[in-house]
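So the chains spell out like this:
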Amino acid sequence: MEQYLEFKGIGKAYPGVQALKDISFKVTGGKVMALVGENGAGKSTLLKILSGDVKPDEGQLILNDSEIKFEAPVQALGAGISVIYQERQLVPSVSVMENIYAGDLPVGKLGLYSKSDLKKKAQALIDKFGLPINPAATVGFLPVAYQQMVEIMKAYRRDSAVIAFDEPTAPLTDKEIAILFKLINQLKEEGKIILYVSHRMNEIFQVTDEIVVLKDGRQVKSFNTAETNERELIKAMVGRDIGDTYSNLKRNDSIGDVLMEVNNLNTNVISDISFKLRKGEVIGFAGLVGAGRTEVARALFGVDPILSGEVKIEGRPVKLRSPREAIDQGIALCPEDRKEQGLILWNSIKDNVCMPVLGKLKKGLFMDEKAKEDLTLAAVKQYSIKTTNIDKRVMELSGGNQQKVILGRWTSEKVVTKILILDEPTKGIDVGTKAEIYQMVCDFAKQGIGVIFISSELTEVINVADTIIVMHNGHITGQVSRQDATEENVLAMAMLD
Ligand SMILES: Nc1ncnc2c1ncn2[C@@H]1O[C@H](COP(=O)(O)OP(=O)(O)OP(=O)(O)O)[C@@H](O)[C@H]1O
Ligand SMILES: [Mg+2]
């Protein structure tokens, strides 16, 4: 029998927001169903309902003719449903094989299990998917991409009928994405029911068969992937035609003098980094995950100690021994990892946005609450942050909206910036807002700010930046201008040693 999963009239409300309403569609085995929509559209909420993490207010879930209801996530697992989130759900301190078979270790006499049996079983599975992973390796030491593969193998090993992915490629490089897609295709051939959430249009067209578009918690359209195109899909998501993002950009066409000069910078991770950033210039940093781009940002922002080398701003050598010193020199950093380095999740949007400028918002001894409010409202407007109010805790926002709060924090007019470092600013951001962020980057450049734009999405770095610097293994392997950059030549440099 062909397997299927059906959502029937699913609804879920949070205080002040109807996160989902009347969601009804069916996914059959052997098909990949894309769930797309703007930030806050309800995609993750739907997957959380599927995984038993969130209870719907109304509606039913049907798996192969029977209704399934969960009181807890473990019941969803038992019913054959695995949802793979961006945040890993593995035990980092134990081995790959023990993670794959967690909960089902082949226990022998005396309650012990044979490591060699386990290793053989895990190896067989790893070989089946053709992955270069050692079953005895400790999960926490693996690259994120492989940790994700371990999770997929775990789902497969449990014989899950349904495997759902929530923005799985955000932390992956192109090469790793190719491995993931190969795996998804294998799962598809075996008749699994697959759901796939992503903001990346090229992936949707590469790996999915059908598409459901959500908007403000409603299902607004469905497509057969083969019968639609990017433009039509974006229009359904955003509600209007946004045209060609890159050719519509209004760029800065007067790049000025050298603003920052970095000479032979070394830290524990990066070596011999040298480049010049001019006023009003956007330098893109491309490279594979782990190439050292984030470490360049951290060194310049005074987070990672600089072991040797020199940084000059407007001709003067500067010391960058702490973020405070970096901020005093006019450097701002929008970090990559919104949870670990960026946001205080249990604080309000307002407190998070205003954090770096609290000192400037005081009226005498007291905090000027009105100024805080105005600043936050401006950020909410500028980035179309979807929220019921600015006192909402950041943890209640959707992933993409959390990312927008970080952008709002570091790009407010109160942060006096000469050099703005954006590390993966569009990670998890929907297509409409992405286009707005690219324009903002150009607008900063027009104000004379030097922008360092780090991104793993090759297309966006080579189309937004004026100059592209490519890194591999902690050093710079090449530099090209936008006019000369192609995906091929940048990727080739990203693999150079
Ligand atoms: N725990 C919660 N408490 C309150 N509101 C919530 C909670 N979780 C989600 N929401 C709200 O539900 C709506 C849908 O959020 P959801 O995370 O499903 O969006 P999404 O489509 O996954 O967006 P993104 O693309 O940004 O990840 C949003 O308005 C969000 O603020
Ligand atoms: Mg989400």
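*Asks:* If you had to explain the pattern of salt bridges to someone new, which residues and values would you point to?
*Replies:* A side chain of one charge can pair with a side chain of the opposite charge if their charged atoms are brought near each other. Evaluation of the coordinates by the stated rule reveals 24 salt bridges. Of the charged contacts, one joins E190 and K128 as a salt bridge, the two residues approaching to 2.9 Å between their closest N and O atoms. Here K128 lies in helix α4 (residues 115-128) and E190 lies in the loop between α6 (174-189) and β8 (193-197), a separation of 62 residues in the sequence. Take E190: its relative accessible area is 37%, and that puts it in the partly exposed class. A salt bridge links D304 to R298, with the nearest nitrogen and oxygen atoms 2.9 Å apart. In the salt-bridge network here, residues are joined through shared partners; they are R200, E203, K434 and E457.

*Asks:* Requested: an account of the sheet that holds strand β2 (residues 17-28), with residues and values cited.
*Replies:* Across a sheet, paired strands are connected by hydrogen bonds in the backbone, their directions being either parallel or antiparallel. The sheet built from 4 strands is open, its strands ordered β2-β1-β4-β5 with antiparallel pairing. With partners counted over all chains shown, the strands left at the sheet margins are β2 and β5 (66-68), one partner each. Recorded for the sheet is a direction-independent mean angle of 25 degrees between the axes of neighbouring strands. Note that strand β1 (residues 4-14) and strand β4 (residues 58-63) share 5 bridges and pair antiparallel.

*Asks:* Tell me about empty space enclosed by the protein, and name the residues and values.
*Replies:* Counting across every chain of the model gives 4 cavities of 30 Å³ or more. Considering the residues around the largest cavity, the lining is formed by 14 residues, among which D174, G287, L288, S456 and L458 are closest to the centre. Counting only elements with at least two residues in the lining of the largest cavity, the list comes to β13 (282-287) and α17 (487-494). For the lining of the largest cavity, the element with the most residues is α17, which contributes 3 residues. The residue inventory of the lining of the largest cavity, partitioned by class, reads 8 nonpolar, 4 polar and 2 charged. Built from parts of two domains, the lining of the largest cavity gets at least three residues from each of domain 1 (4-238) and domain 2 (258-494). In this structure, the second largest cavity spans a volume of roughly 80 Å³. What lines the second largest cavity is E167, T169, A170, S198, H199, R200, T426, K427, G428, K434 and E457. In the lining of the second largest cavity, the residues fall into 1 nonpolar, 5 polar and 5 charged. Composition of the lining of the second largest cavity by domain shows at least three residues from each of domain 1 (4-238) and domain 2 (258-494).

*Asks:* Any chance you could break down the pairing of strand β3 (residues 31-36) for me, citing the residues and the numbers?
*Replies:* Within β3, 5 of the 6 residues are buried, which leaves the element mostly enclosed by the surrounding structure. Looking at chain direction, β3 and β8 are connected through 5 bridges and run parallel. Considered in β8, the bridge of L35 is made with V197. Inspection of the sheet shows β3 paired to strand β9 (residues 210-215) by 4 bridges, in the parallel sense. Each residue of the ladder has a partner; that of A34, found in β9, is I211.

*Asks:* Give a description of the domain arrangement of the protein that names residues and reports values.
*Replies:* When the parts of a complex come together, some accessible area is lost, and that lost area is often taken as the interface size. Segmenting the protein into domains produces domain 1 (4-238) and domain 2 (258-494). Using only C-alpha atoms to locate each centre, domain 1 and domain 2 end up separated by 31 Å. On the domain 2 side, the residues contacting the 21 residues of domain 1 number 21 residues. Where domain 1 abuts domain 2, roughly 1600 Å² becomes buried across the two surfaces, and 54% of that area is made up of carbon and sulfur atoms.

*Asks:* Describe the packing of α4 against helix α5 (residues 144-157), listing the residues and the values that go with them.
*Replies:* Where α4 contacts α5, the two axes come as close as 11 Å, and the packing angle between them is 110 degrees. Compared by their axis directions, α4 and α5 come out roughly perpendicular. Side by side, α4 and α5 meet where L125, I126 and K128 of the first sit next to M153, Y156 and R157 of the second. Here the residues of the contact of α4 with α5 are counted per class, giving 4 nonpolar, no polar and 2 charged.

*Asks:* Residues and numbers for the site of ligand 1, please.
*Replies:* Near ligand 1 lie 20 residues; those nearest to it are K43, T45, H199, S398 and G400. With respect to ligand 1, the backbone of G42 contributes an N or O atom lying 2.9 Å from an oxygen atom. Side-chain polar atom of T45 to an oxygen atom of ligand 1: 2.5 Å apart, as the coordinates give it. A total of 640 Å² of accessible area belongs to ligand 1 in isolation, and the protein chains cover 90% of it. Secondary structure elements with two or more residues in the shell around ligand 1: β2, α1 (43-50) and α14 (399-410). Looking at side-chain class alone, the shell around ligand 1 contains 5 nonpolar, 10 polar and 5 charged residues. Looking at which domains feed residues into the shell around ligand 1, each of domain 1 (4-238) and domain 2 (258-494) gives three or more.

Rules used in this analysis
- Residues numbered from 1 in each chain as written.
- Chains lettered and ligands numbered in written order.
- Predicted model: local features only at pLDDT ≥ 70, side-chain atom pairs only at ≥ 80, totals over all residues.
- Heavy atoms only, no water.
- Salt bridge = Lys/Arg side-chain N within 4 Å of Asp/Glu carboxyl O.
- Helix = DSSP H or I, 4+ residues; strand = E, 2+ residues; numbered from the N terminus.
- Buried < 20%, exposed > 50% of the residue type's maximum accessible area, 1.4 Å probe, protein only.
- Pairing = 2+ DSSP bridges.
- Axes fitted to C-alpha atoms, helices over the stretch in contact; angles between N-to-C directions.
- 1 Å grid on protein atoms, 1.4 Å probe; cavity = no way out; pocket = protein on both sides within 12 Å on 5 of 7 lines; lining within 4 Å.
- Points joined across faces, edges and corners; volume = space filled by probe spheres on them.
- Nonpolar A, V, L, I, M, F, W, Y, C, P; charged D, E, K, R; others polar.
- Domains from an automatic or database assignment.
- Contact = heavy atoms within 4.5 Å.
- Buried area = accessible area lost by both parts, 1.4 Å probe.
- Parallel < 35°, antiparallel > 145°, perpendicular 65-115°, else oblique.
- Near = heavy atom within 4 Å.
- Polar contact = N/O pair within 3.5 Å; in protein donor to acceptor, adjacent residues only side chain to side chain.
- Areas by Shrake-Rupley, 256 points an atom, 1.4 Å probe, with all protein chains shown as cover.

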